[in-house]
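Structure assessment
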Amino acid sequence: MEKKILIVDDSESIREVVSFTLENAGHEVVKAIDGQDALTYLDGRKYDLIITDLHMPNLNGIELIKRVRTIEEYKFIPILFLTTESQTAKKMEAKEAGATGWIVKPFVPEKLLEAIKKVVR
Amino acid sequence: MEAFKDKFKEEAKELIAELEHMVLKLEGNRANKSIVEEVFRVMHSLKGGSAMFGFSLIDKFTHLLENIYDKIRTGEYQVTDDILDITLNAVDHLRNLIEETPDTVAQLEKENNKFIEQIEIVLSKGALKSDDFKNNSDDDKKVSNHTKTYFVHFEPSSDFFQDGSNPLFLIDDICQLGETLIVPVYSKIPKYEKINPIDCYISWNLLVATDDDINAIMDVFIFTNKRSKVEVAKLSDKNLLAEKSHRKILLETLLKNHADLFEKLSIVVPDLEKAQNGNEQNTQRQRVQSSHSVEQTIASIRVSSEKLDNLINWVSELVTIQAQLSLYTQQNQHIGLAPISEEIEKITRRLRDDVFSIRLIPVSNMLTRFQRLVRELSHELDKDIVFESRGTETELDKNIIEMLADPVMHIIRNSIDHGIEESTEERVKKGKPAKGKILFNAYYSGTNVYIQIIDDGKGIDAEKGIDAEKVRAKAIEKELISPESEISRKELFDFLFLPGFSMAKVVTNLSGRGVGMDVVKRKIADLRGQVEIDSKLGFGTTVTIKLPLTLSIIDGLLVKVDNINMVIPLSSVHKVYEYEHTKIEKAINNLILADDERVPILNLRKYFNMTSPPPPLERVITIEYGDYYIGFTVDEIIGEYQAVLKPLGSAFKEQDFFPGATILGDGTVALVLDSNKLIELFAKTEVKIGN
């Protein structure tokens, strides 16, 4: 299953690891450096999934999710966010904003792909 | 993964620098929530990345720090000096950690533990809830060897499938937390003909024994919709699922599916616990609180400096080719070529300016270091000093900023150590504010950037008095001046830049720190810059550094000496005169009269041992050197030229008055002359300037 996935993270190294993993699994990846940047990629193009970090400058992950949900084309797109275990409050907040699920950092490639399989059909 | 690791290292270094900057900013605005948020965000990124790329020490360490700032964020803790000190020390420690190697790991780990201890001491001392803090970190580390048993009742709403959720995934997630005992409840499944295939009828009762806390279980269900029922409760502080016989008892209870299942379970639990030599029973449910964060930084893209260098290189090539095109257009009258060539010239110039400006970064990038220095050194010397900065948006070439940091650090160190008065009383007595001030001021002027370090301390007594006498004595001892000669204020300050005249030895008896102002001057000269001191006794000292905007382009005057092209930096060119060769030849004491001033001449032809006969009319270019002018003799002046500096080959390594060369429009090479260096060299060997 080849999917088109948008990755949003301000950390270049994380961005690279995620895209490397996904591309190896045969997915097509689009990378954005923060929420603001991500919105420029969300111009009607079709994606199967968005993976976003929560803590980012300019426009953080929560705000990004809220904004994405207001765009007609992306109302139902699955959105996963990256988070560390200690942040339960953040998870709730992201959920309320409209996220579909999360991936715990640090992750191993298999976990990441597994999480994606759960939300993308 | 290794490749990503290096990338992360780079990133981490930047994050650490940002952290340092933010913490210093926080010191001045302790109540500012958004700065705390920012500190928290940076720590969080650092933590996330380090966990990802296997820097476990950083992960552990930032986790502790993050906890502190999380509490500050929620208002539980106050920003105290202790916390700031610890965080700043932590910044240094983090810098070491990021460079960890297999050899240093043991040592670093030791330091790490020491640090963690320190943090805990500071927190307990500050009348903060240190117990709370410790518990928290223990929980998160999952080192607590207790496995607890939780009861979970999960009843998905009937429309659970409709938003694409699958309850089995959630059950899977629970299974990953630890040992489980799962009992599905089928009682709600209707008769086959009444089943609606898109509805969910099953619910679950399950027990899970896990090291994680209740939040980990709650987390699993975060994404279930509000209509679904989720109950999580701690059944026991023991692992009730370890023993087979116990599992059986519990399973039987679960299978009965009472309405008040939890209570029923609770009844059996004490017996089971007793069997395990335990007697604690505690039930708790935890609520989740949400917090909000505000984030802001400047958007930018990171590009490797190698790519930038390549880009600049290509633009330099383009500039060269463009110059050739212009020349060709001038020499050959092709109809229509001239406007195209002009257009290309215009675009090339803009492109060049833009590309070169990419390398420019604001001087604010090095301020954090200075702020740290002022903070730490003033503590150490027990002086009360504030550091202020102005014009921090002024931009300079990245390379210049990197090379500039050390000399400026030295100047600031001098100001703190010797400039600012020893005590606040001394300052108050003089009618100055009790707090000493060091101002970092940066501004543009023409094609130069000026950086000033201004202190409002004691100043140097230049007129007479002890300082002046000491400098004089030193200068006489070094045979720089004769005992009779008067030295001006300006000269006195200039002497401070010579080796052996370190401010420390002259102004106070405190020992210097190994590096004198002569080194500062040399380092700044390496950047084609100049440095000057001015001071007024009782009012303070100002050190001014003048720097070129960029190192790779020089606005120069293109000249010819013995058919060799040379570019002299325009910034130091003063005036151009014309003399008959015989006049120069016969000049007394090597001095000629230019605008009624006597100017020493440096005959380039002679200096470089060029043997061909000079033209009957020679040009003399007067070059500014400090407050004096030196005349350079050249054969011919071609005109102004913007030279893109190219390094010379290794054969030219032994000299430093030709820092590079440039390629002219017709493809020939012109040597770029560093007039300051040449004059210095000339002054050492030939004449004494200014006497």
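Residues numbered from 1 in each chain as written. Chains lettered and ligands numbered in written order. Predicted model: local features only at pLDDT ≥ 70, side-chain atom pairs only at ≥ 80, totals over all residues.

**Quick notes on the overall build of chain A**
Secondary structure assignment for chain A yields 5 helices and 5 strands. In sequence order, the secondary structure elements of chain A are arranged as β-α-β-α-β-α-β-α-β-α. A total of 121 residues make up chain A; the buried ones form 45% of that total. Intrachain contacts of chain A at a sequence separation of at least 6 include 59% that bridge at least 24 residues. (Helix = DSSP H or I, 4+ residues; strand = E, 2+ residues; numbered from the N terminus. Buried ≥ 20, exposed ≤ 12 C-beta atoms within 10 Å, placed from the backbone. Contact = placed C-beta atoms within 7 Å.)

**Let's talk about the overall build of chain B**
From N to C terminus, chain B includes 22 helices and 21 strands. Counting over 691 residues, chain B shows a buried share of 33%.

**Examining helix H19 (residues 517-526) of chain B**
Residues and elements named next belong to chain B. Among the residues of H19, Met517, Val520, Lys521 and Ile524 are the ones counted as buried. The arc that holds every buried residue of H19, seen down its axis, measures 95°, which confines them to one face. Positive phi shows up at Arg528, right after H19, with a value of about 60°. (Arc of directions from axis to C-beta.)

**Observations regarding the nonpolar core**
Ranked by internal contacts, the top residues of the largest apolar core, which has 67 residues, are Ile79 and Phe81 of chain A together with Leu19, Val39, Met43, Ile58 and Tyr69 of chain B. For this core, the element with the most residues is helix H1 (residues 2-28) of chain B, which contributes 9 residues. Not counting residues within four places of it along the chain, the set of residues in contact with Val39 of chain B comprises Leu19, Met22, Val23, Leu26 and Tyr69 of chain B. (Core = buried A, V, L, I, M, F, W, Y, C linked by C-beta atoms within 7 Å.)

**Considerations on the interface of chain B and chain A**
On the chain A side, the residues contacting the 31 residues of chain B number 27 residues. Breaking the side of chain B that touches chain A down by element, the ones donating at least two residues are H1, helix H2 (33-52) and helix H8 (214-220) of chain B. The biggest single contributor to the side of chain B that touches chain A is H2 of chain B, with 8 residues.

**Some words on the sheet that holds strand E17 (residues 617-625) of chain B**
Residues and elements named next belong to chain B. Read from one edge of the open sheet, 5 strands run E14-E17-E18-E16-E15, paired in mixed fashion. Two strands lie at the open edges of the sheet, namely strand E14 (573-580) and strand E15 (591-594), each paired on one side alone. Strand-to-strand twist across the sheet, computed as the mean angle between neighbouring axes with direction ignored, equals 40°. Pairing of E14 with E17, which is carried by 7 bridges, proceeds in the antiparallel orientation. The residue bridging Tyr577 from the neighbouring strand is Val620, located in E17. The sheet contacts of helix H22 (residues 675-685) involve strand E16 (597-603), E17 and strand E18 (628-634), and relative to E17 the element is tilted by about 95°. (Pairing = 2+ DSSP bridges. Axes fitted to C-alpha atoms, helices over the stretch in contact; angles between N-to-C directions.)

**Quick look at the pairing of strand E3 (residues 49-53) of chain A**
Residues and elements named next belong to chain A. For E3, the buried fraction is high: 4 of the 5 residues fall into the buried class. Pairing analysis gives 4 bridges linking strand E1 (residues 4-8) to E3, with the strands arranged parallel. Opposite Ile7, over in E3, you have Ile51 as the bridge partner. Across 4 bridges, E3 lies against strand E4 (residues 79-84) in parallel orientation. The residue of E4 that forms the bridge with Ile51 is Leu80.

**Some thoughts on the sheet that holds E1 of chain A**
Residue and element names in this part refer to chain A. Within the open sheet, the 5 strands sit side by side as E2-E1-E3-E4-E5. Their pairing is parallel. Each of the sheet's edge strands pairs with one partner strand only, and the pair in question is strand E2 (28-32) and strand E5 (101-105). Across the sheet, the axes of successive neighbouring strands diverge by a mean angle of 25°, strand direction being ignored. With respect to the sheet, helix H5 (residues 109-119) is in contact with E3, E4 and E5, its orientation differing from that of E5 by roughly 175°.

**Concerning the packing of helix H13 (residues 364-380) of chain B against helix H14 (residues 398-419) of chain B**
All names here are of chain B. Across the interface, H13 lies against H14 with an axial gap of 10 Å and an inter-helix angle of 25°. One way to sum up the angle between H13 and H14 is to call them roughly parallel. As for the relative orientation of H13 and H14, their crossing is right-handed in sense. Residues Asn365, Met366, Arg369, Phe370, Leu373, Val374, Leu377 and Ser378 of H13 form the contact with H14, whose participating residues are Ile401, Ala405, Val408, Met409, Ile412, Arg413 and Ile416. Taken together, the residues of the contact of H13 with H14 break down into 11 nonpolar, 2 polar and 2 charged. (Parallel < 35°, antiparallel > 145°, perpendicular 65-115°, else oblique. Left-handed = near helix turned anticlockwise from the far one by under 90°. Nonpolar A, V, L, I, M, F, W, Y, C, P; charged D, E, K, R; others polar.)

**A word on unusual backbone geometry**
Trans is the common state for peptide bonds, and a negative phi is the common state for residues other than glycine. At Asn58 of chain A, a residue that is not glycine, the phi angle is positive and equals roughly 65°. As for its placement among the helices and strands, Asn58 of chain A is situated in the loop between E3 and helix H3 (61-70). On the basis of neighbour counts, which here come to 19 C-beta atoms within 10 Å, the residue Asn58 of chain A falls in the partly exposed class. In this structure, Asp596 of chain B is a non-glycine residue whose phi angle is positive, near 65°. Mapped onto the fold, Asp596 of chain B is located in the loop between E15 and E16.

**What about helix H1 (residues 12-24) of chain A?**
The end-to-end C-alpha distance of H1 of chain A is 18 Å, a good match for the 18 Å that 13 residues give at a rise of 1.5 Å each. When we look at burial in H1 of chain A, the residues that qualify are Ser13, Ile14, Arg15, Val17, Val18 and Leu22 of chain A. Residues of H1 of chain A that are buried sit in contact with E1, E2, E3 and H5 of chain A together with H1 and H2 of chain B. A positive phi of about 90° marks Gly26 of chain A, the residue just after H1 of chain A. (Expected span 1.5 Å × (residues − 1).)

**Observations regarding the packing of H1 of chain B against helix H4 (residues 81-98) of chain B**
Residues and elements named next belong to chain B. In contact at an axis separation of 10 Å, H1 and H4 are set at 170° when each is read in the N-to-C sense. By the angle between their directions, the pair H1 and H4 is classed as roughly antiparallel. For the pair H1 and H4, the contacting residues are Lys9, Ala12, Lys13, Ile16, Leu19, Glu20, Val23 and Glu27 in the first and Leu84, Thr87, Leu88, Val91, Leu94, Arg95 and Ile98 in the second. Grouping the constituent residues of the contact of H1 with H4 by class yields 9 nonpolar, 1 polar and 5 charged.

**Points about the confidence of the model for chain B**
Residue and element names in this part refer to chain B. Mean pLDDT over chain B stands at 79; residues scoring 70 or higher make up 88%. Within the model, the stretch residues 127-144 combines pLDDT values under 50 with 21 contacts to residues more than four positions away or in other chains. Contacts for the low-pLDDT stretch residues 278-298, under 50 throughout, to residues beyond four places or in other chains number 40 contacts. Overall fold confidence (pTM) sits at 0.49, and the ipTM for the predicted complex is 0.71. (pLDDT = per-residue confidence, 0-100.)

**A word on the environment of Gln330 of chain B**
On the secondary structure map, Gln330 of chain B appears in helix H11 (residues 305-331). Between the alpha carbons of Gln330 of chain B and Ser341 of chain B there is a distance of 9.7 Å; along the sequence they are 11 residues apart.

**Here we look at the environment of Lys521 of chain B**
Residues and elements named next belong to chain B. Relative to the helices and strands, Lys521 is located in helix H19. Under the C-beta neighbour-count criterion, Lys521 is labelled buried, with 22 such atoms within 10 Å. Along the backbone, Lys521 and Glu532 are 11 residues apart, and their C-alpha atoms lie at a distance of 8.8 Å. Excluding its chain neighbours within four sequence positions, the residues that come into contact with Lys521 are Phe497 and Val531.

**Some words on the environment of Met403 of chain B**
Residues and elements named next belong to chain B. Counting through the fold element by element, Met403 comes out in helix H14. C-beta crowding within 10 Å serves as the criterion here: with 17 such atoms nearby, Met403 is assigned to the partly exposed category. A sequence separation of 124 residues divides Met403 from Leu527, and the C-alpha atoms of the two residues are 7.9 Å apart. Apart from the residues lying within four places of it in its own chain, the contact partners of Met403 are Lys523, Asp526 and Leu527.

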